[in-house]
Amino acid sequence: MKGSIRRTLSAGVGLTLALAAIAPGATLAQDVPEGAMTEIGAPEGALEIVAWAGYVEDGSNDPALDWVSSFEEETGCQVNVTLGNTSDEMFTLMQSGNYDLVSASGDASNRLISAGSVQPINLALIPNYVDVFEGLKNKPHNTVNGVPYGVPHGRGANLLMYNTEAVTPAPDSWSVVFDPASPYAGKVTAYDSPIYIADAAVYLMTHNPELGITNPYALDETQFAAAVDLLKQQRAIIGRYWALYTDEIAAFQSGDSVVGTTWQVIANVLQGSEPATPIEAILPMEGSTGWSDTWMLSSMAQHPNCGYLFMNHIISPAVNAAATEYFGEAPANTKSCALTADPNHCDTYHATDEAYFDKVYYWATPQKECLDGRGPICKDYAEWTMAWTEIKG
Amino acid sequence: MTTTAGTAPHASPSRRLQAWLYRRPRLQLVLLLALPLLALVVAYLGSLGLLLINAFWRYDPTTGGLDRTFSLANFLQIAGSAVYRTITLRTVGLAFLVTITCAAIGFPVAYYMARIASPRVRGLLVVTILLPLWASYLVKVFAWRAILQEQGVLNWLLRPLGLEGPGYGDVAVWLVFTYLWLPYMILPIQAGLERIPSSLLEASADLGGRTGMTFRRVILPLAFPAVVAGSIFTFSLTLGDYITPTLVSSTQFLGNVVQREVGVSGNLPLAAAVATIPIIVMLLYLFVARRLGAFEAL
């Protein structure tokens, strides 16, 4: 029970605010980036971490969940975790200079980099990094101008879930939730957050190519208006939006919702509950939005050596397996898949399926300066938020 | 008894201070009230003032910080967009609905408590009404979630009768608010009804007024300020709440917009500007309430 509550919290908080970006990959930095550490010195004996709930468990919440004590014993670094409830909170905490490490989501990571709050990382000092999935390396939310600023923790996609009995034929496109003439009007659900505008943008990338959207988080005036219009149209066929993941579970169980966006975790709960709800969760042909978090080291870190050691520890095969399985996401380490408690975990979350994640656009904070490099003509997140108020009406 | 040294009590500094203060009653009052007043002015009015100042600033998306130049842009944006009017009307409408429902349910209960129930029953009723107030707000809303959900208690009761509960949605918001704020309506009305002298009712009866006439012409006018006083609570509490709508519906009210602007995009200035809407509505409400004599009934 406690586990499930914590899971709800962590999933809710983490996923709601976990935002990350994708863009054409930059070249991999082979050399030590300027300003990065060249060697790991003696551990400082302590480590201050800002993290999402459920990411750094030392057994104090549940004795069965402990992937930190072994690190403390090995390195002598006493880990102290401060939970960040939102990306804004994490960003503010990292400004204080009192923390060494942060599990930054896509909306925080680029802000932290541009504010100079985090330092470049010498990946050669993190031996486990070589085992990280290629699809997570060198992404715009963790690497800027070829300089890496952190190591990936895990990833997940936002999927299209549908009730297999109510929704026939089986959909393979988001059209089923965007078509105003959808036969499932009134039973369609959507995620209640401004970031959901990106889902509409992903749909428009395929169905309205003349708009020229290349990155669903970089929308200029026209593209943004098209996405907002699509969502206003969708409002008419929405039964209810969901914000709490338990609400979506209940709505699918009761049949109030039969089709809409979801997380893999929710699909697993529905399929695993007794009696199981007949649902299927797919990555539609248009692709989808998703998220990925990054461990970053403060530029004012008091314990940088412990920080490097911890980054190596948290992405080590067994630890990454435990942490991402607990949270409900695909691990970052390729070797983790053999070590999860549920042998099917990686299959369920498509961890090794790069073709699957190629179609996933990781959450990123929309900024005025377009993320796809078109200049300062894009709508920023404040405008996305105001538009969301308009969409909901 | 003996007046030996005699100086012992006077020598104590605290005694001397007491004597000194005794001769300065105004200073005593200042010292007594300074701290709470300071807290009220600085912490309460100060933060409210800061909020209002924020409304005239702008959110700067490039830095994520504030652009501290005076501007009416936030207000113009709100005024220029139909959605804020819709949300304001929806919120105020809900607040009125909840208030009226609370008054309709609360008045008979308060009347029974004030004028009919024996002291023992009255004590029991007061405790029963106060009891939910002592429970956490969130516990109560989550309890309502359990009641209203598809597989919940309400549907379990209604299904054998071939009926269906309202589920989550606008009706749920109305029900939960009514439940949450009902005690704030009952208690002022009860106090108001208790203050009506029995002699007036007897006089009405002596003059031939029947029950209905006495109620309409004597009790209701005298108790009305108390109803208005109670309505201030139910109205203002509904106006500002965003947690209940989030938990039992996906409809947005003013509080939800404020919460999203602050919590999701960090646009404090726009949130502050939206927050001035309920403040203005409430000031108008209080003005009318004062004219109706509600403040004497509090």
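The rules behind each value
- Residues numbered from 1 in each chain as written.
- Chains lettered and ligands numbered in written order.
- Predicted model: local features only at pLDDT ≥ 70, side-chain atom pairs only at ≥ 80, totals over all residues.
- Heavy atoms only, no water.
- Helix = DSSP H or I, 4+ residues; strand = E, 2+ residues; numbered from the N terminus.
- Rg over C-alpha atoms; globule rule 2.2 N^0.38 Å.
- Contact = heavy atoms within 4.5 Å.
- Areas by Shrake-Rupley, 256 points an atom, 1.4 Å probe, with all protein chains shown as cover.
- Lys, Arg positive; Asp, Glu negative; His and termini not counted.
- Charge placed at Lys NZ, Arg CZ, Asp CG, Glu CD.
- Domains from an automatic or database assignment.
- Disulfide = S-S within 2.5 Å.
- Buried < 20%, exposed > 50% of the residue type's maximum accessible area, 1.4 Å probe, protein only.
- Polar contact = N/O pair within 3.5 Å; in protein donor to acceptor, adjacent residues only side chain to side chain.
- Patch = residues over 30% accessible without salt bridge, like charges linked within 9 Å, V, L, I, M, F, W, Y side chains within 5 Å.
- Salt bridge = Lys/Arg side-chain N within 4 Å of Asp/Glu carboxyl O.
- Buried area = accessible area lost by both parts, 1.4 Å probe.
- Phe/Tyr/Trp six-rings, centres within 6.5 Å; stacked < 30°, edge-to-face > 60°.
- Lys NZ or Arg CZ within 6 Å of the ring centre and 35° of its normal.
- Expected span 1.5 Å × (residues − 1).
- Arc of directions from axis to C-beta.

Regarding the overall build of chain B
Thought 1: Scanning chain B for helices and strands turns up 15 helices and two strands.
Thought 2: Rg of the C-alpha trace for chain B: 26 Å, well past the compact-globule value of 19 Å for 298 residues, more than 25% over.
Thought 3: For chain B, the C-alpha atoms occupy an extent of roughly 90 × 75 × 40 Å along the three principal directions.
Thought 4: Sequence separation of 24 or more characterises 68% of the internal contacts of chain B that already satisfy a separation of 6 or more.
Thought 5: Total accessible area on chain B stands at roughly 17,200 Å², and carbon and sulfur atoms take up 70% of it.
Thought 6: Charged side chains of chain B number 22 positive and 11 negative; the gap between the two group centres comes to 13 Å.

What about the domain arrangement of chain B?
Thought 1: What the domain assignment lists for chain B is domain 1 (8-45) and domain 2 (82-297).
Thought 2: Summarising the inter-unit geometry, the C-alpha centres of domain 1 of chain B and domain 2 of chain B are found 41 Å apart.

A word on the state of the cysteines
Residues and elements named next belong to chain A.
Thought 1: Per the counting criterion, the structure on display carries three disulfides over all chains.
Thought 2: Each sulfur in the disulfide pair Cys337 and Cys346 lies 2.0 Å from the other. Negative torsions about the S-S bond denote left-handed disulfides, and the value of about -85° found for Cys337 with Cys346 makes this one left-handed.
Thought 3: On the basis of relative accessible area, Cys337 is assigned to the buried category, the value being 16%.
Thought 4: Judged by its relative accessible area of 4%, Cys346 is buried.

So, the environment of A:Thr289
Residue and element names in this part refer to chain A.
Thought 1: As for its placement among the helices and strands, Thr289 is situated in strand E11 (residues 288-297).
Thought 2: Note on Thr289: relative accessible area 0%, which makes it buried.
Thought 3: Taking the C-alpha atoms as reference points, Thr289 and Cys370, separated by 81 residues in sequence, lie 18 Å from one another.
Thought 4: Setting aside chain neighbours within four positions, we find Thr289 in contact with Ala157, Asn158, Ala198, Asp199, Val202, Tyr217, Val360, Tyr361 and Trp363.
Thought 5: Side chain to side chain, Thr289 and Asn158 meet in a polar contact 2.7 Å long.

With respect to a nonpolar patch on the surface
Thought 1: Nonpolar side chains collect at one region of the surface, where B:Leu29, B:Leu32, B:Leu33, B:Leu37, B:Leu38, B:Leu40, B:Val41, B:Val42, B:Tyr44, B:Leu45 and B:Leu48 lie side by side and expose about 1,100 Å² of accessible area between them.
Thought 2: With respect to the helices, strands and loops of the structure, B:Leu48 is situated in helix H3 (residues 25-54).

Some details on the side chain of B:Asn256
Residue and element names in this part refer to chain B.
Thought 1: Mapped onto the elements, Asn256 comes out in helix H13 (residues 254-263).
Thought 2: In this structure the side chain of Asn256 is engaged in a polar contact, spanning 3.2 Å, whose partner is the side chain of Thr246.
Thought 3: The residues touching Asn256, leaving out its near neighbours within four places in the chain, are Tyr242, Pro245, Thr246 and Thr251.

Examining the interface of chain B and chain A
Thought 1: Tallying the contact residues gives 25 residues for chain B and 21 residues for chain A.
Thought 2: At the boundary of chain B with chain A, total buried surface from both sides reaches about 2,000 Å², with 54% on carbon and sulfur atoms.
Thought 3: Taken as a group, B:Ser250, B:Arg260 and B:Val264 account for 26% of the area that chain B buries against chain A, more than any other trio of residues on that side.
Thought 4: Taken together, the links from chain B to chain A amount to one salt bridge.
Thought 5: Of the charged contacts in the structure, one is a salt bridge between A:Asp247 and B:Arg145, with a shortest N-O distance of 2.6 Å.

A word on the packing of aromatic side chains
Two aromatic rings are characterised by how far apart their centres lie and by the angle between their planes.
All names here are of chain A.
Thought 1: Enumeration according to the criterion identifies 29 aromatic pairs over all chains in this entry.
Thought 2: What links up through ring pairs into an aromatic cluster is the set Tyr55, Phe71, Trp291, Trp295, Phe310 and Phe327.
Thought 3: The residue whose ring lies beneath Lys137 is Tyr129, and the NZ or CZ to ring-centre distance is 4.8 Å.
Thought 4: Over the ring of Phe357 we find Arg155, and its NZ or CZ is 4.0 Å from the ring centre.

Side note on the domain arrangement of chain A
Thought 1: What the domain assignment lists for chain A is domain 1 (2-155 + 291-349) and domain 2 (156-289 + 369-392).
Thought 2: For domain 1 of chain A and domain 2 of chain A, the distance between their C-alpha centroids amounts to 28 Å.

Some remarks on the environment of A:Asn61
Thought 1: Examined against the element boundaries, A:Asn61 turns out to sit in the loop between strand E1 (46-51) and helix H2 (69-75).
Thought 2: Sequence-wise, A:Asn61 and A:Ile282 are 221 residues apart; in three dimensions their C-alpha atoms are separated by 33 Å.

Digging into helix H7 (residues 137-148) of chain B
Thought 1: In this model H7(B) runs 17 Å from its N-terminal to its C-terminal C-alpha over 12 residues, within 8% of the 16 Å that 1.5 Å per residue would give.
Thought 2: Buried within H7(B) we find B:Lys140, B:Val141, B:Trp144, B:Arg145 and B:Leu148. Looking straight down H7(B), one finds its buried side chains confined to an arc of 150°; they lie on one side.
Thought 3: In the core, the buried residues of H7(B) are packed alongside helix H8 (245-254) of chain A together with helix H8 (153-158), helix H9 (170-194) and helix H12 (243-248) of chain B.
Thought 4: With a side-chain oxygen lying 3.1 Å from the backbone nitrogen of B:Leu138, the N-terminal cap of H7(B) falls on B:Ser136.

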